[in-house]
Amino acid sequence: MAEEPLDPFSLVAGELSILANRLRSMVAAEVPKLASAAEYFFRLGVEGKRFRPTVLLLMASALNMPIPAADSVIESVSKDLRTRQQCIAEITEMIHVASLLHDDVLDDADTRRGIGSLNFMMGNKLAVLAGDFLLSRACVALASLKNTEVVTLLATVVEHLVTGETMQMTTTSEQRCSMEYYLQKTYYKTASLISNSCKAIALLAGQTAEASMLAYDYGRNLGLAFQLIDDVLDFTGTTASLGKGSLSDIRHGIVTAPILFAIEEFPQLRTVVDRGFDDPSDIDLALEYLGKSRGIERTRELAAQHAHLAVEAIDALPESDDEDVLISRRALVDLTQRVITRTK
Ligand code: GRG
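Residues numbered from 1 in each chain as written. Predicted model: local features only at pLDDT ≥ 70, side-chain atom pairs only at ≥ 80, totals over all residues. Heavy atoms only, no water.

Asks: Explain the packing of helix H16 (residues 295–315) against helix H17 (residues 323–341) here, please?
Replies: The axes of two packed helices give the description: the angle between them and the distance between them. With their axes 9 Å apart at the nearest point, H16 and H17 run at an angle of 175° to one another. Classified by the angle between their axes, H16 and H17 sit roughly antiparallel to one another. Counting all contacts with H16, which are made through Arg300, Ala303, Ala304, Ala307, Ala310, Val311 and Ile314, the residues of H17 involved are Arg329, Leu332, Val333, Thr336 and Ile340. Residues that form the contact of H16 with H17 fall into these classes: nine nonpolar, one polar and two charged. (Axes fitted to C-alpha atoms, helices over the stretch in contact; angles between N-to-C directions. Helix = DSSP H or I, 4+ residues; strand = E, 2+ residues; numbered from the N terminus. Parallel < 35°, antiparallel > 145°, perpendicular 65-115°, else oblique. Contact = heavy atoms within 4.5 Å. Nonpolar A, V, L, I, M, F, W, Y, C, P; charged D, E, K, R; others polar.)

Encoded structure:
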């Protein structure tokens, strides 16, 4: 029987809007200036794709296996569990937005999510403080869950974000051209947050170490695929043609997978990369080599391999015949396809 198409985002749409309201109240601050800075990216219409909370709510449902207890107990326990898992989704989104605010300060970015970045609108100082404020609110919410393993996971994520960002801005020539270094940095900057949050969702549900690891594996591979496609889109934008993206990475001297694959085919590109892209004609030259190479194609293939590994993790979860569990697992599988075919 053919499976009906399903939209992962609409499956959790109702819960996402409750989450958005809760986030707005969680970032309310005493001082008006801080309040307006902290809520800047939680306002209606500037919430972003809400990719991470969507994955986490679907993962919560995908792991919703029956607990052997009386019906009334099951109902109150599972309601409480869902609230705690929603709290992980909120914390994850707060950490994500805090990292975006700090990233925009470091990059001196003037736009984010189609509007002026917070640093551009209110200055670097307030943007840094707003990021710190969101992180501290995330810490308070995390502490309220009273689960030290989950606290450790998410504190490690923050460490990874800082490590990844530092790795990116302090590279030697050797590291800048190493695929291994690039993938490690990508894990720290993008995949660690979603993978460890998926694991936190599983741990709160009392899942076994094996099932929690599968949740982590799903998030890790989905996160890596997501960033690899982000790196492709930085060159192509919504089209398939090179140079149509924002070229923001290469303009900042950041070398990503498409260029790394192109260097394998055209080692002379390495000399261009080593010059650092301060000269705009070097960007054109790099695009020329990239166009002649299979760099974009191989990056897409690598993203597809990670998407496949994410699907394997879902397929390896403990069997269930619960319809909601199965629908959520299908939605998580569907998301892997959307991540590798997305154009924005
Ligand atoms: C304050 C926690 C903290 C960290 C400081 C600046 C820094 C260290 C880390 C930067 C981390 C960073 C910005 C990684 C990029 C992650 C990424 C892929 C962002 C874009 O995510 P989308 O496309 O954004 O999901 P939306 O806007 O849709 O939410």
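Additional details are given in the paragraphs that follow.
Asks: What is the right way to look at the nonpolar core in this model?
Replies: When a protein is soluble and globular, its nonpolar side chains tend to lie buried together. The biggest cluster of nonpolar side chains holds 104 residues, and the ones touching the most others in it are Tyr218 and Ile259. Discounting chain neighbours no more than four positions away, the residues touching tyrosine 218 are Val55, Met59, Cys198, Ala310, Ala313, Ile314, Leu332, Leu335 and Thr336. Grouped together as the second largest cluster of nonpolar side chains are seven residues, Tyr181, Tyr187, Ala191 and Leu224 included. (Core = buried A, V, L, I, M, F, W, Y, C linked by side-chain atoms within 4.5 Å. Buried < 20%, exposed > 50% of the residue type's maximum accessible area, 1.4 Å probe, protein only.)

Asks: How do you make sense of the packing of helix H13 (residues 257–265) against helix H15 (residues 280–292) when you look at a structure like this?
Replies: Relative to each other, H13 and H15 sit at 70°, their axes nearing to 9 Å. The angle between the axes of H13 and H15 places the two elements in the roughly perpendicular class. Along the contact surface, H13 presents Pro258, Ile259, Ala262 and Glu265, while H15 presents Ala286, Leu290 and Lys292. A per-class count over the contact of H13 with H15 returns five nonpolar, no polar and two charged.

Asks: Teacher, can you tell me more about the site of the ligand here?
Replies: Surrounding the ligand, one finds 19 residues, the nearest of these being Lys49, Arg52, His96, His102 and Arg113. Lysine 49 is positioned such that a nitrogen or oxygen atom in its side chain is 2.5 Å from an oxygen atom of the ligand. Here arginine 113 contributes a side-chain N or O atom positioned 2.7 Å from an oxygen atom of the ligand. When isolated, the ligand has an accessible area of 750 Å², and the protein chains bury 91% of it. Residue assignment for the shell around the ligand shows that the elements contributing at least two residues are helix H5 (71–107), helix H8 (148–169), helix H10 (179–204) and helix H11 (209–236). Per-element tally for the shell around the ligand: the top contributor is H5, with seven residues. (Near = heavy atom within 4 Å. Polar contact = N/O pair within 3.5 Å; in protein donor to acceptor, adjacent residues only side chain to side chain. Areas by Shrake-Rupley, 256 points an atom, 1.4 Å probe, with all protein chains shown as cover.)

Treat this as a map of the structure, not an account of what it does.
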